[in-house]
Structure formats: structure tokens, C-alpha cells
Number of protein chains: 2
Amino acid sequence: MSPKPMTRPGGRSARVQEAVHAAVRELVGEVGRDAVTVPMVAARAGVTPSTIYRRWGDLQELLSDVAVERLRPETDPADLGSLRADLDAWAEQFLDEMASPSGRAYIRDALLGDPDGSNAGRCSAYAAEQIDAVLNRAAGRGEPVPDTERVIDRVVAPIMYRILFRPGGQGADYARELVANALHRP
Amino acid sequence: MSPKPMTRPGGRSARVQEAVHAAVRELVGEVGRDAVTVPMVAARAGVTPSTIYRRWGDLQELLSDVAVERLRPETDPADLGSLRADLDAWAEQFLDEMASPSGRAYIRDALLGDPDGSNAGRCSAYAAEQIDAVLNRAAGRGEPVPDTERVIDRVVAPIMYRILFRPGGQGADYARELVANALHRP
């Protein structure tokens, strides 16, 4: 399992994580991702390098942890009044964010420093939570809804596959086609 | 662009590639992937380490190149007499191979040492060629066929996404459900 932050807010562990993540983000912006080193991050965050090695293993695992945090959605999916409109809007925004240069870099970093797959699992869980929110709201309106795993297979998977393996000019039309397929039975 | 082998069979470049790839495969089997080094590979292949660095950049890029070669399909898809039967069989075999421990390791290696995405593109092209073969054969029989990109979105993408991000107990039933969706309009 990847090192997991203790989640007690305000505790020392949470403060260390926050300082180290902030240091990584600043340094990547200042010197570029490939020039960042663990001693530089430690100095900027005011911790010892061994604190970082103990908690994150190595630089690649730290970058993976930071990338997953950057991929965490910041807002709930918009409520546009219908399942189709909500899913269209969510899929378009997801495609936009993931296919952007920074999105691609975060996805790549998240996978690279993730020997056991737990960070990749966190990325997927974020998408599943957002889809759950859209589907629960639709069910509350009385709309028939597909299950979350189907939306993952039919909307999230093709978007992520194309970003990683088969980049092309996927845009909003593509996202809406995927949603149409997810809402179509079987 | 990743270093590409010259393809003239029997030329020095092809012989070097073959010797280096064979050395990597043997050493990974003997000492494990994490203990392999460029000097070990060079000694086994009878080349200098600088030959390897010049052609592959670093160990991770070499491992990526070897992994992609291992992911190259060895046979044409079976002809079972109908599009549905051919795609079902192909998808089940693809899922089996990719989700096996060695398949997962190759996919991971292929992505890791692939800064520009060209090795990931080769993996995707292999799958597309196999699907093309199945679809062309079906069209020759007079069957209506979806296009290759649709089969990639609906069959290949969910299989690869789940392997990388959301492992579960996907089996033959799952592969056949994906094929059913790919053959269903819209």
C-alpha cells in the first residue's frame, strides 16, 4: 500500500503532508518537474529528506501522491435538471481537464510512482464518486439510471484510454457520444 | 520519438536489437526486473553500455521497448465463422493476456519508459490491427460491421482502464458484454 496521510486535520502528519505537497507544487512550477529533487523539496518544506523517504518512499511516489491530489475534483457536478444534461456536462469537463497538458502530466505521474496501484485506484474512485452524485440526483428526480460501473466503462474508460494510448482530437461531441452510449440499453 | 529499430532484417541494427531484447528477457527471468541494470544487459548481449544508452536512452525506455514487443500479437484472430463469435473470442483472449500478471507488468513497463507516448501508441495499434482483421473478414462475409474506433472505445478501453485503474474480477462474461455493446447501435 502507498503511504497514506493520517487524516487528523491539523495534526503534525497533516501539516507535513501539506507543506511537502505545497513545496512540490511550487518547485515544479519554478524549476520544472524533471529538476526537482527530494533534498530540494525537503528544504522548501522545512522537513528532513529522511522524513520524505520514510513517508513516500522516493520522489516518483511523492510526485504520484501530489498528482492524485491535483486530480481530486474540487466541486460537485453541476445540477442542470436532467441526467442527460448533468452527465454531458460532467463528461465534457472531465475530458477537458484530463486531456489538458497538466491533466495528462498528472495522470502519468499518478501511474508512474504507484507500484501497487493504490493511487490509480484513488483517481478512479474520484470519478466514481462524481458519477454516483449525478446518478443519485437523477434517481431522486425519478429518472431511470444506469449503474456507476457502466458509466465508468462507457464514458471514463474511453477518455482515459485515448489520453494514455491513442491521443486524437477528442472534443465535446466525442464526450456526448460516450454519454449517449452509457444511457442506452443494453 | 522513442528510438525505433531499423527494420532491415539481418542488418547490424536488427542484430543488436535482437541481442539486447533477448538479454533483457533472460535477465528479468533470472534476477528479476528490479535487479537488472544496463551494464548487465550490455555484457549479456555483447555490446557496450553506450550502445544501449545511445539507442534506448535509459533502462526504463529499454524495458518499455521490450514490453511492447512482448505485447505484439503472435497470431491472427481465429476465424469462427461470424463477427460475434470472432470478436467474443478475441476479446476474451485479449482480456486474459492483458490481465495476467505478466500482461499487467508489460503494460506498466510500456507506459513507464515512454515519455512521448509512442510505445503506448504501438500497443494500441496492435489491438487496432487485430480488430481490423476481424472486421474486414466479417465485411467480406457480408455482415454489417462497426468501425474499428468504436470497438476500441467499447471493448479495448474498458479492459485496459480496469487493468490500470480499477482492477476487479473481470472474466469472459465481462468481455462478452463489452462486445455486445460494441455491436449494438448506437
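Residues numbered from 1 in each chain as written. Chains lettered and ligands numbered in written order. Predicted model: local features only at pLDDT ≥ 70, side-chain atom pairs only at ≥ 80, totals over all residues. Heavy atoms only, no water.

Under the annotation held in an unreviewed UniProt entry, chain A carries the name TetR/AcrR family transcriptional regulator and is attributed to Streptomyces sp. gb1(2016).

## Structural notes on the overall build of chain A
Across its full length, chain A carries nine helices and zero strands. Beginning at the N terminus, the succession of helices and strands in chain A can be written as α-α-α-α-α-α-α-α-α. Each principal axis of the C-alpha distribution contributes one length, and for chain A these read about 55 × 35 × 25 Å. Expressed as a percentage of the 186 residues in chain A, the buried residues total 47%. If you take every contact in chain A between residues at least 6 apart in sequence, the share linking residues at least 24 apart comes to 70%. Total accessible area on chain A is roughly 8800 Å²; 52% of this is exposed by carbon and sulfur atoms. Considering chain A, the positive charge centre built from 23 side chains and the negative charge centre built from 27 side chains are found 3 Å apart. (Helix = DSSP H or I, 4+ residues; strand = E, 2+ residues; numbered from the N terminus. Buried < 20%, exposed > 50% of the residue type's maximum accessible area, 1.4 Å probe, protein only. Contact = heavy atoms within 4.5 Å. Areas by Shrake-Rupley, 256 points an atom, 1.4 Å probe, with all protein chains shown as cover. Lys, Arg positive; Asp, Glu negative; His and termini not counted. Charge placed at Lys NZ, Arg CZ, Asp CG, Glu CD.)

## With respect to the pattern of salt bridges
Applying the stated criterion across every chain, the model contains 36 salt bridges over all chains. Across the pair arginine 122 of chain B and glutamate 69 of chain B runs a salt bridge whose closest N-O atoms are separated by 3.1 Å. In this pair, arginine 122 of chain B sits in helix H7 (residues 118–140) while glutamate 69 of chain B sits in helix H4 (residues 59–71), placing the two residues 53 residues apart along the sequence. Residue classification places arginine 122 of chain B among the buried positions, given a relative accessible area of 14%. Put simply, Asp79, Asp86, Arg137, Arg141 and Glu143 of chain A are held in one network by salt bridges that share partners. (Salt bridge = Lys/Arg side-chain N within 4 Å of Asp/Glu carboxyl O.)

## Focus on the packing of helix H5 (residues 83–99) of chain B against H7 of chain B
Residues and elements named next belong to chain B. Interaxial distance between H5 and H7 falls to 9 Å at its minimum, and their mutual angle equals 165 degrees. Considered as vectors, H5 and H7 are oriented roughly antiparallel to each other. As H5 packs across H7, the resulting crossing turns out to be right-handed. Together, Leu83, Asp86, Leu87, Trp90 and Phe94 of H5 and Ala127, Gln130, Ile131, Val134, Leu135, Arg137 and Ala138 of H7 make up the contact between the two elements. (Axes fitted to C-alpha atoms, helices over the stretch in contact; angles between N-to-C directions. Parallel < 35°, antiparallel > 145°, perpendicular 65-115°, else oblique. Left-handed = near helix turned anticlockwise from the far one by under 90°.)

## Quick look at the UniProt feature "DNA-binding region" (unreviewed entry) in chain A
Residues annotated in UniProt with the feature "DNA-binding region" (unreviewed entry) correspond here to residues 37–56 of chain A. Split by type, residues 37–56 of chain A is 80% helix and 0% strand. Its first and last C-alpha atoms lie 13 Å apart. (UniProt positions renumbered as here; feature names shortened; annotations may be inferred.)

## Description of the environment of alanine 45 of chain A
All names here are of chain A. Locating alanine 45 in the fold gives a position in helix H2 (residues 38–45). Each C-alpha atom of the pair alanine 45 and valine 68 lies 19 Å from the other, and the pair is 23 residues apart in sequence. Once you skip the residues sitting within four places of it in the chain, alanine 45 turns out to touch Ala19, Val20 and Ala23.

## Things to note about the domain arrangement of chain A
Splitting chain A by domain gives domain 1 (12–57) and domain 2 (83–183). Inter-centroid distance (C-alpha atoms) of domain 1 of chain A to domain 2 of chain A is 30 Å. (Domains from an automatic or database assignment.)

## Here's the deal with the interface of chain A and chain B
At the interface, 31 residues of chain A touch 31 residues of chain B. Seen at the junction of chain A and chain B, the total is six salt bridges. Inspection of the chain A/chain B interface yields 18 residue pairs in polar contact (both at pLDDT 80 or more). When residues of the side of chain A that touches chain B are traced back to their parent elements, those giving at least two are helix H6 (101–112), helix H7 (118–140), helix H8 (148–165) and helix H9 (172–183) of chain A. Counting residues per element, the side of chain A that touches chain B draws most heavily on H8 of chain A, which supplies 12 residues. (Polar contact = N/O pair within 3.5 Å; in protein donor to acceptor, adjacent residues only side chain to side chain.)

## A word on the nonpolar core
The tendency in soluble globular proteins is for nonpolar side chains to be buried as a group. Counting 76 residues, the largest nonpolar core has Ile107, Val156 and Phe165 of chain A together with Ile107, Val156 and Phe165 of chain B as its most contacted members. Setting aside residues up to four positions removed in sequence, phenylalanine 165 of chain A forms contacts with Ile107, Leu111, Ala120, Gly121, Cys123, Ser124, Met160 and Leu164 of chain B. (Core = buried A, V, L, I, M, F, W, Y, C linked by side-chain atoms within 4.5 Å.)

## Details of H9 of chain A
Along its 12 residues, H9 of chain A runs 17 Å from first to last C-alpha, staying within 8% of the 16 Å computed at 1.5 Å per residue. Those residues of H9 of chain A that fall on the buried side of the exposure criterion are Tyr174, Ala175, Leu178, Val179, Asn181 and Ala182 of chain A. Along the long axis of H9 of chain A, the arc covered by the buried residues comes to 160 degrees, so they all point the same way. Across from the buried face of H9 of chain A, at angles greater than 90 degrees, the exposed residues are Asp173 and Glu177 of chain A. As for H9 of chain A, its buried residues are in contact with helix H5 (83–99) and H8 of chain A together with helix H8 (148–165) and helix H9 (172–183) of chain B. (Expected span 1.5 Å × (residues − 1). Arc of directions from axis to C-beta.)

## A look at the relation of the copies chain A and chain B
Laying chain A over chain B is done by rotating through 180 degrees and shifting 0.0 Å along the axis; what remains is an RMSD of 0.0 Å. Interpreted geometrically, this transformation is the action of a two-fold axis. A symmetric contact is evident, with 100% of the interface residues of chain A recurring at the interface of chain B. (Least-squares fit on C-alpha atoms with pLDDT ≥ 70 in both.)

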